[in-house]
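These are the residues of each chain, in order.
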Amino acid sequence: MESGKAVIRARPWAVACFLLPALVLLGALVIYPIGYSIQRSLFDASGDTFVGLDNFQEIFSNDSIRHALRNNLIWIVVAPTVATGLGLIFAVLTERIRWATAFKLVVFMPMAISMLAAGIIFRLVYEQDPDRGVANAMLTTVHDTFSGTSTWPDAQPRPDGPLTVQDDGSYLLEQPVTAGTPVLLPLVAVPQPELSDAEPAATAATDPGQVTGTVWMDFTRGGAGAEGVIDPEEKALSGITVEAVRDGEVVAAAKTGDDGTFSLPAEADGAQLRLASDSFTAPYNGAEWLGPDLITPAIIGAYVWMWSGFAMVLIAAGLASVPRETLEAARVDGANEWQVFRRITVPLLGPVLGVVLVTLMINVLKIFDLVYIIAPSSSQADANVLALQLYLSSFGTGADQGVGSAIAVLLLLLVVPVMIVNLRRLRRENKR
Amino acid sequence: MRGSGRDSRRRAFRAAAAVTVTAALTLTACGGDEDTGGQRSGEVTVELPDLSGQHLEVAAVWTGAEQENFLRVLDEFEARTGATTSYVPSGDNVSQFVGTKIAGGSPPDVVMVPQPGVLREFAENGWIAPVGDLVQEQLDRNYTQGWQDLGAADGVQYGVYVKAANKSLIWYSTAAFDYAGVQPPETWDDFVDTAWTLWESGTTPMSVGGADGWTLTDWFENIYLSESGGEMYDRLAAHEIPWTDQSVTDALTTLGQLFGEDRLMEGGADGALQTLFPDSVTQTFLDLDSPDAAMVFEADFVGANITDSTDAVIGEDAQVFPFPSVDGGPLPVVSAGDAAVAIAPDGEASEAQEALLAFLASSDAAEIWAEPGGFISPNKSMNMDAYPNDVQRGIAEALIEAGDDFRFDLSDQTPAAFGGTTGQGMWQGLQNFLRNPEDIQGAQEYLESQAADAYGD
């Protein structure tokens, strides 16, 4: 230290010479752009008129920018926490397993993929159609394992027909039925190819002691048939449960046969007929990942997939320097594994966890690529974040670089506190 | 520049040539598959100067098959004039591309501009040169006044619309129509009935690519044009009437008969909002036996998507009918297209640029271009036999027969911030409407506030 100060005093020009290249680079690439952005944020779209703080007022009054700000808050709270938490779990668990290195490699691998590529991958993962999107393929598989699929998911009554759709998805015939008169229960909208194996529908037998009827697809292929009549080529809908309901109670039930007919015992006389909903439940289509409600959590999921590996590697490095003796001592004192983890490992890892969290926070504030790529344009507004809004405001059509610069300044202001925390910590650690 | 005597001599020669060509084409009609090179030497409808040693750079948005087809036209130009040409894809934002190139001092010689608004902007900047006599002559012979005016700014002719798109088409799966036993409808009411019959027969009637806002603007434009007429359409495009006008309410109410019924759209409104335009085509034609949807609405370029990503054969599995007329109005014809302009920051087009524009405006070029398919020309005097199949020919004929009763895509005429930007303006306004079709008033108020911002009043 002493000699350094001597040099500065003796030859200031030499010091200046050595510092100059770094200062020029820093000035040209960092200081000047920041200064220019701040200046630009005080001018209007054309850059000619000074507008003071109007651009900042615009930021806080414009709905889409406010939405972006709110999303950024969600991001900065959720994404680093979840990524660090997962990283911690992975790091602690991999300490114990034999294939630790292989496991770490796999978890870390997404870091090697660019944000753009990861965005494209997850755009596909979150596709609505279970045949294309992995996320929904998993959801539907799990769902269908537990609840099974229905036989005629597409069958529906005509909007002006005798049957009406109930809230629970069943179809009700309002008119009470009488024994001895065959009932017609027409449904439509079953795709023609699904009917290729079905048998032709038959008119039910007339039996004074029974309530009989037919459930069928009331549409002749080619469109020749009449509504509400069993035309010769119309197909039967088999396996549908027909319930007779009186005062809300099911008094009798039967399934339709291969020719679409059913017969209920005499108790059904005077009751209402209802087609049970389990035959018509639309197939579960998975979650609407890319819709307005789930889009932000979905993109955060993609981010966590990428960055928990990063957190894991840093934490694992910190874990390696945790003194074994302390852990052993705790165990000898009778602490169980959970207590060791809670009371010893996590506190000792505190500084590392802090570094990881802060790094991820800074990283999350400037998140752009994933949001830009994953969100389809119809829900882009719901997924909006500041960095994306900055881009859209500055470079889209009808660009206003004044507002864009104002957003950039706002982002800078948001990063500064996190930076200060980081610098303080660094200084403290250097002193130690 | 050119002596008028020489001009009239040329005109006389060309008139004679035109007669000969008509005769020749009648004889050789349908022989269109032969290579173009020397075959057409006797069928010249445009006299081109000798341009040996000159080079022209042409820029357009086309890539892939569209680029290949256009290169055939350039090859013929090279063969006839001795000039050399090169082609540069410009990317989607033509105005940015040209602006950068001019700033850099090496602009392309001829550029294809898709929007009339951008063409006017170029003219105001003084980037493009007015057309000369040679081009004007081709324009007068082959183009209606309406198509000429689209390439003009402030009464000066700058460009030639060489490629057109007919945006008033509904493509349908013949299998689905067979299942339901329905015929292509001619009026909107028929169309809605047909949709319900298709639904009863078990096929979802419509596939709507609502994730791309521009498909929704085309829906609106067709309905508005047929229901309220061309005059109102022009006034709305110029924002002389507000978007809160009753005519807009009527159009949205009509559109709501479709958008308000989840059963009529594949995936319902929510599914439609996540469907990109190419997916809206593939889900209609991918599975030929049980299509996900029976009909999909969009321009003739749907044909390219069908050919590229499905096994459907246009004319057999995939057919097309014109957008139905609404409320007893005429059949709407909404079009789009690309105009060729000569870039000349010094205000004067070179002989080679003139020659290329004239050639592109000629029937010869249109016929060569039409042969491989995927191209519709606004050229009214070209031989329709040049189109490769009946579907393409039908689309082209519908466009030509409309004469000047067509309207250019409304959203392309508005400022880009209103008519062409994701997440705002007309795109977002109509997506909001699709998400919530009950709220017509809310949609109109949003559109009007966005329009007021974009037009700057």
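Quick notes on the rules
- Residues numbered from 1 in each chain as written.
- Chains lettered and ligands numbered in written order.
- Predicted model: local features only at pLDDT ≥ 70, side-chain atom pairs only at ≥ 80, totals over all residues.
- UniProt positions renumbered as here; feature names shortened; annotations may be inferred.
- Helix = DSSP H or I, 4+ residues; strand = E, 2+ residues; numbered from the N terminus.
- Rg over C-alpha atoms; globule rule 2.2 N^0.38 Å.
- Buried ≥ 20, exposed ≤ 12 C-beta atoms within 10 Å, placed from the backbone.
- Contact = placed C-beta atoms within 7 Å.
- Domains from an automatic or database assignment.
- Pairing = 2+ DSSP bridges.
- Axes fitted to C-alpha atoms, helices over the stretch in contact; angles between N-to-C directions.
- Core = buried A, V, L, I, M, F, W, Y, C linked by C-beta atoms within 7 Å.

If you look chain B up in an unreviewed UniProt entry, it shows as Carbohydrate ABC transporter substrate-binding protein from Streptomyces hoynatensis. According to its UniProt record, chain B has this under Sequence similarities (unreviewed entry): "Belongs to the bacterial solute-binding protein 1 family."

As annotated in an unreviewed UniProt entry, chain A carries the name Sugar ABC transporter permease and is attributed to Streptomyces hoynatensis. UniProt's Subcellular location (unreviewed entry) comment on chain A is quoted here verbatim: "Cell membrane". Checking UniProt for chain A, the heading Sequence similarities (unreviewed entry) contains the comment "Belongs to the binding-protein-dependent transport system permease family."

**Student:** How should I be thinking about the overall build of chain A in this particular structure?
**Tutor:** When helices and strands are counted, chain A shows 14 helices and eight strands. Here the C-alpha atoms of chain A give a radius of gyration of 34 Å, more than 25% beyond the 22 Å that 2.2 N^0.38 yields for 432 residues. Oriented by its inertia axes, the alpha-carbon framework of chain A measures out at about 120 × 75 × 40 Å. Looking at the 432 residues of chain A, the share that counts as buried comes to 33%. A fraction of 70% describes how many contacts in chain A between residues 6 or more apart in sequence connect residues 24 or more apart.

**Student:** What is the right way to look at the domain arrangement of chain A in this model?
**Tutor:** A common way to report how large an interface is uses the accessible area buried once the components associate. For chain A, the assigned domains read domain 1 (36-128 + 290-431) and domain 2 (163-279). Its C-alpha centre places domain 1 of chain A at a distance of 57 Å from the equivalent point of domain 2 of chain A.

**Student:** Whenever I open this one, the sheet that holds strand E3 (residues 183-187) of chain A confuses me. Can you help?
**Tutor:** Each strand in a sheet pairs with its neighbour through backbone hydrogen bonds, running either in the same direction (parallel) or in the opposite one (antiparallel). Residue and element names in this part refer to chain A. Overall, mixed pairing links the three strands, which are arranged E3-E4-E7 in an open sheet. A single partner strand is all that each edge strand has here, and the edge strands are E3 and strand E7 (261-264). The sheet shows a mean angle of 25 degrees between the axes of neighbouring strands, direction not considered. One ladder, built from five bridges, connects E3 with strand E4 (residues 211-217); its direction is parallel. Within E4, the residue paired with Leu 187 across the bridge is Met 217.

**Student:** Can you walk me through the sheet that holds strand E5 (residues 241-246) of chain A in this structure?
**Tutor:** All names here are of chain A. As summarised here, the arrangement of the five strands in space is E1-E2-E8-E5-E6, forming an open sheet in which the pairing is antiparallel. Edge positions in the sheet fall to strand E1 (163-165) and strand E6 (249-255), since each has one partner strand and no second. Adjacent strand axes in the sheet meet at a mean angle of 25 degrees, parallel and antiparallel pairs treated alike.

**Student:** Help me understand the nonpolar core in this model?
**Tutor:** In globular proteins that are soluble, nonpolar side chains generally tend to be buried together. Val 160, Val 341 and Leu 357 of chain B are the most contacted members of the largest nonpolar core, which totals 175 residues. The residues contacting Leu 357 of chain B, other than those within four sequence positions of it, are Val 110, Val 131, Val 135, Val 160, Ala 340 and Ala 342 of chain B. In terms of nonpolar packing, the next biggest core, distinct from the first, is built from 56 residues, Ala 68, Met 306, Val 356 and Leu 390 of chain A among them.

**Student:** I tried to follow the pairing of strand E3 (residues 110-113) of chain B on my own but got confused; where do I start?
**Tutor:** Residues in a regular strand point their side chains to alternate faces of the sheet. Residues and elements named next belong to chain B. Side chains of E3 alternate between two faces, with Val 110 and Met 112 and Val 111 and Val 113 buried alike. Of the strand pairs in this sheet, strand E1 (residues 55-60) and E3 are connected by two bridges, and their pairing is parallel. In the sheet register, Val 58 faces E3, and the bridge partner there is Val 110.

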